[in-house]
Structures are given as C-alpha cells and as structure tokens.
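# Structural overview for review
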Amino acid sequence: MEHDFSKGSITGHIWRQALPLIVAQFVQLLYNLVDRIYIGHLPVESGLALTGVGITFPIISLITAVINLFGMGGAPLCSIARGAGDEERAEEIMGNTATLLFLASLAIMAVFYLLEEPILFLFGASEETYPYAYNYMSIYLLGTVFVTLGTGLNYFITSQGFPRIAMVTVVVGAVLNLVLDPVFIFLFDMGVRGAAVATVISQAVSAVWVVRFLTGKSALLRLKKKWLRLRKDLVKQITSLGMAGFTMSATNGLVQIACNATLQAYSGDLYIGIMTILNSVRDVISLPVNGITNGAQPVLGFNYGAKLYDRVRKGILVTTALGGIYCVAAWVVTLAVPELFIRLFLDSPEYLTAGRTAMRIYFAAFCMMVFQFSGQSAFVGLGKSHQAIFFSLFRKVIIVIPLTLLLPRVANLGVTGVFLAEPISNIIGGLACYLTMYVTVYRRLGQRDEGHLLHSSNVPK
C-alpha cells in the first residue's frame, strides 16, 4: 500500500511522500546555504565575498532549471505510466531522462567556461566582487554532471514510493559538505574556492548513491542500458511537462539578473549582498511548502493515471490546506524577526539595518505563495504542462521583471521598488494560478467523476 497510491489515505500518502522530501530538499539546500553562511563569516571582506557568490546565483538557477526540465518532466510521466500498469514505459522514461541530464550538463559546462567573465559582469559583478564570483564558479561548474544526475534522477526514486531513500541521497552529500566546508575554507585557507571544492565532492557522492540504487535490486523500476537511447516522442513529452519546472527556475535566474543589475545601478554592492541573503532565506522558508507540493505530485499523477478522480480532487485540497498553514506561519515569523535570519549570514550593522527593512518588504505577501505552489503542483502532477508553464512565466516574466525595472523609477522608490516587486507578484500571480486551476482542473475532475459514477450505475447487474 505504501507504493500503491490508489489505496489508503490520500493525506497519509502525501505526508509520507512530503516529509522525507522536505528533509531532503532542506539538506539539498545546505549545499549552497552552508557555503554562504561560512563565506559570510570570513575574517576579512566577508560582505564582498558573500556578494560575489550571490552573483553566481543565476548560473546555479540555470543548472537547477535544466534538472527540473528533465527530472520534474520525466518523474510525473513515470508515475502516470506506473499507475496505468505500464512499467516498461516507465523504465524507458527514466532511461531517456538520465541521458538528457548527462548531455545537458556537458553543454552547460562548455558554455559557461567559454563565457564566464562577460556573464559574471552581466549578472552584476563589480571589479571588487568579480574575483570571488570567478573563483567560486570556476570550481563549482566541475560538479555540474554530478548535481544534474544526482538531483534529477532522485525524483525517480521518489516517484516509485521510496521518499526515505531519496532523503538519504541528499543527506549523505549535504552532511559531507557540512563537514568539508570548514576544512577547505578555513583549515586549508582556500576561502570561496574551498566552499566550491567541498560542494563538488559532496555532489559526486550523492550522484553515485542515486545511480547505485536505481541500478540495484531494491528499485521497483531500474535504470537499464537499453533504455538510455533517446526516443524522440519521449524526449518531447519529458521536456514538454518539465518546461514548467524549467521555467520557474530559469525565470528565477532572470529575476536575479534584473535585481542585481538594478541594485548595482542604484546602490552598489551593499544591496546585492542583501538580496543574496533574502534569496537564501526565501529558499529556506519555501522548502516545506515545496516538499508538500512535490510530494503530492506522484500521488496526484498515480490516481489520475488510475482514473480515480475523486482522490485527485481530495489530494489537491489536502495539498492546499497543508501548504497554506505552513505559509502563514512562515510569513509571520519572517516579518516578526528578520534579524534572526540576517545574522545567520552577516553580523555587519550596515547589513542588519538595511536588510531588516528590505526583508519586511520582500516577504510582505509570502502567505499568498501557497496558491502558486498548489496550483503549479496540480498542473504538473496531472501532466498539464502548458498551464504550468504559462503561470511560471506570468508571475516572474510578466510581473516581477518589469516591476523590478520600473518601480525604482516611480516616485523615487529606488531600491525599495526592487523589493516591492516580489509581494505584488505573490498576490497577483498566486491567485491567478490557483483560480485557473480550480476552474479548469478541479471542477472538471468532479464532473468526470460524477459521469463515471452515473455510467457505472446504469450498467445491468
């Protein structure tokens, strides 16, 4: 029953999937979060070092986007195929995804190594912060193959109903990173380069763990050589569904570029450092609701494939309720004690004073994000890629980026305008996504279920 989502409690299945995912995603975040915390407490020039690492965020976002394109595209398709009883198709989807992840990682490394310097300056580096950004990114890129395979294929461990194994995958690497970071940063006196070295080693260990599990006897679906050869129709389906996750991460990168460039123009390195902290805090507090919605996707997809539409509807409601309770709690805490989060990264009075105000503006409407997360989760879990892609683009590209560029020029808002763009997009984008999902998915599933019951009642006994 643990692996058959068509039976038992929907809430129970979502919790069993979500809780290990929350832990796993939090530990996954530690790869970069621990780097930032240690770098922010370097004995000298910690502010510049943290800002330099923050400038690399759009590149990391692009790598994450590629992982989502294939991993989050293939895993829901795998769940739907498994729910329909077609295990051979499910294994072929996983094999094609592995090949796509590997090829994409090589392409990313080639592009960024060739264009690293102009890209970093485009992303907001100054003469003072460029050396830190370059030293970190040059080494971090070496682990691109490991992070794409490890993280991308880990979705398939979860989709088979092994969330605890998926959690261990991430915990192993992150704990290793936690141990190695101070060794390379402080003991070997490597600074930001040491943080990148520790991360690459840890990612390699995680990738080996994932591949060994998926090729071993414990997996329900195995990664096999015969399924690694790309099939055009599967590639199209995987990339089509994964485009939503890709768009969300890629547009995060575009938003970071727009924010860094605007902040550099209005305030210099100080507020880019503050935005680095705010992005880090947002990543942390978004993890539980991300875990809930990602944990719900295989449950929704399995029941959708099995045509149990009432269970799908119930899963959507449970996801919204659990996510909503958490988002409100996180919203209250971030507004009440912003200093608690800022001090994790820097103790500078200058950063604390400016960061306190910026954080309260930036997270002013975080509670509304539950609607974006839940709506996106339902679209992706049921294979409705076009809707998921549209609302990813709508919130970030149509709302956030234009506001980030325009608001600083309105009524002399300056840097305040950059931070205001986020809460405005949370309200408009979140409500638009969820209401559309309710009308086009939730209500129609109810009509399908009623039609199915009516048809069944007319069958002669």
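Structural data are supplied above this passage.
Residues numbered from 1 in each chain as written. Predicted model: local features only at pLDDT ≥ 70, side-chain atom pairs only at ≥ 80, totals over all residues. Heavy atoms only, no water.

Tallying secondary structure elements over the protein chain gives 16 helices and 0 strands in all. Across the 461 residues that make up the protein chain, the buried fraction comes to 60%. Residue pairs at least 24 apart in sequence account for 83% of intrachain contacts in the protein chain once pairs closer than 6 positions are excluded. Accessible area for the protein chain stands at about 18,300 Å²; split by element, carbon and sulfur atoms hold 67% of it. In the protein chain, 33 side chains carry a positive charge and 25 a negative one; their mean positions are 13 Å apart. (Helix = DSSP H or I, 4+ residues; strand = E, 2+ residues; numbered from the N terminus. Buried < 20%, exposed > 50% of the residue type's maximum accessible area, 1.4 Å probe, protein only. Contact = heavy atoms within 4.5 Å. Areas by Shrake-Rupley, 256 points an atom, 1.4 Å probe, with all protein chains shown as cover. Lys, Arg positive; Asp, Glu negative; His and termini not counted. Charge placed at Lys NZ, Arg CZ, Asp CG, Glu CD.)

Residue placement: Ser-240 occurs in helix 9 (residues 232-267). Since its relative accessible area comes to 28%, Ser-240 is described here as partly exposed. Taking the C-alpha atoms as reference, Ser-240 lies 18 Å from Gly-305; in sequence the two are 65 residues apart. Setting aside its immediate chain neighbours within four residues, Ser-240 contacts Ser-385 and Ile-389.

With that out of the way, let us pick up helix 7 (residues 163-187). Look at helix 7: 36 Å from first C-alpha to last across 25 residues, which is about the 36 Å you get at 1.5 Å a residue. The sharpest bend along helix 7 reaches about 30° and sits at Leu-180, with the proline Pro-182 one to four residues further on. Buried within helix 7 we find Pro-163, Ala-166, Met-167, Thr-169, Val-170, Gly-173, Ala-174, Asn-177, Leu-180, Asp-181, Phe-184 and Ile-185. (Expected span 1.5 Å × (residues − 1). Bend = angle between axes of the 7 residues up to and from the residue.)

For the rest of this paragraph, the subject is empty space enclosed by the protein. In this structure the tally under the stated criterion is 5 cavities of 30 Å³ or more. Considering only enclosed or pocket space, the second largest cavity measures out at about 140 Å³ in volume. If you trace the second largest cavity, you find it lined by Leu-21, Met-72, Ala-75, Pro-76, Ser-79, Tyr-155, Thr-158, Ser-159, Asn-294, Gln-297 and Pro-298. Where the lining of the second largest cavity is concerned, the elements lending two or more residues are helix 3 (57-83), helix 6 (144-159) and helix 10 (269-305). By residue number, the principal contributor to the lining of the second largest cavity is helix 3, which donates 4 residues. (1 Å grid on protein atoms, 1.4 Å probe; cavity = no way out; pocket = protein on both sides within 12 Å on 5 of 7 lines; lining within 4 Å. Points joined across faces, edges and corners; volume = space filled by probe spheres on them.)

Notably, Asp-189 is not glycine yet its phi reads approximately 55°, a positive angle. Here Asp-189 shows up in the loop between helix 7 and helix 8 (192-214). Positive phi, close to 60°, is recorded for Lys-307, a residue that is not glycine. By secondary structure assignment, the location of Lys-307 is in the loop between helix 10 and helix 11 (309-336).

For the structure on display, the rule yields 17 aromatic pairs. Geometrically, the ring pair formed by Phe-162 and Phe-213 is edge-to-face, given 5.5 Å between the ring centres and 70° between the ring planes. With Phe-162 in the loop between helix 6 and helix 7 and Phe-213 in helix 8, this residue pair connects regions lying 51 residues apart in the sequence. Take Phe-162 and Phe-213: they sit in the same class, and that class is buried. (Phe/Tyr/Trp six-rings, centres within 6.5 Å; stacked < 30°, edge-to-face > 60°.)

Following the sequence through the fold, Ser-105 ends up in helix 4 (residues 87-122). When its relative accessible area of 0% is taken as the criterion, Ser-105 is described as buried. The contacts of Ser-105, once residues within four sequence positions are left out, are Thr-144, Val-145 and Thr-148.

By size, the foremost hydrophobic cluster in this structure holds 105 residues, and its most contacted members are Leu-153, Ile-274, Leu-278 and Phe-419. Examining the composition of this core, we find that 12 residues originate from one element, helix 4, more than from any other. Contact partners of Ile-274, with chain neighbours within four places excluded, come to Tyr-351, Ala-354, Gly-355, Ala-358 and Phe-419. Within the second largest apolar cluster, 21 residues are counted, among which are Leu-300, Phe-379, Ile-399 and Met-437. (Core = buried A, V, L, I, M, F, W, Y, C linked by side-chain atoms within 4.5 Å.)

This part takes up the packing of helix 6 against helix 7. Relative placement of two packed helices is described by the angle separating their axes and the distance separating the axes. Packing of helix 6 against helix 7 brings their axes to within 7 Å, and their N-to-C directions diverge by 155°. As judged from the angle between their axes, helix 6 and helix 7 are roughly antiparallel. Contact residues: Asn-154, Ile-157 and Thr-158 in helix 6; Ile-165, Ala-166, Thr-169 and Val-170 in helix 7. (Axes fitted to C-alpha atoms, helices over the stretch in contact; angles between N-to-C directions. Parallel < 35°, antiparallel > 145°, perpendicular 65-115°, else oblique.)

Moving on, we come to the packing of helix 3 against helix 10. One way to put it is that helix 3 packs onto helix 10 with a least axis distance of 8 Å and a crossing angle of 15°. Our classification of the angle between helix 3 and helix 10 gives roughly parallel. Read as a crossing pair, helix 3 and helix 10 show a hand that is right-handed. Contacts between helix 3 and helix 10 pair Phe-57, Met-72, Pro-76, Ser-79, Ile-80, Arg-82 and Gly-83 from the former with Thr-276, Asn-279, Ser-280, Asn-294, Gln-297, Pro-298, Gly-301, Phe-302 and Gly-305 from the latter. Of the residues that constitute the contact of helix 3 with helix 10, the class distribution is 6 nonpolar, 9 polar and 1 charged. (Left-handed = near helix turned anticlockwise from the far one by under 90°. Nonpolar A, V, L, I, M, F, W, Y, C, P; charged D, E, K, R; others polar.)

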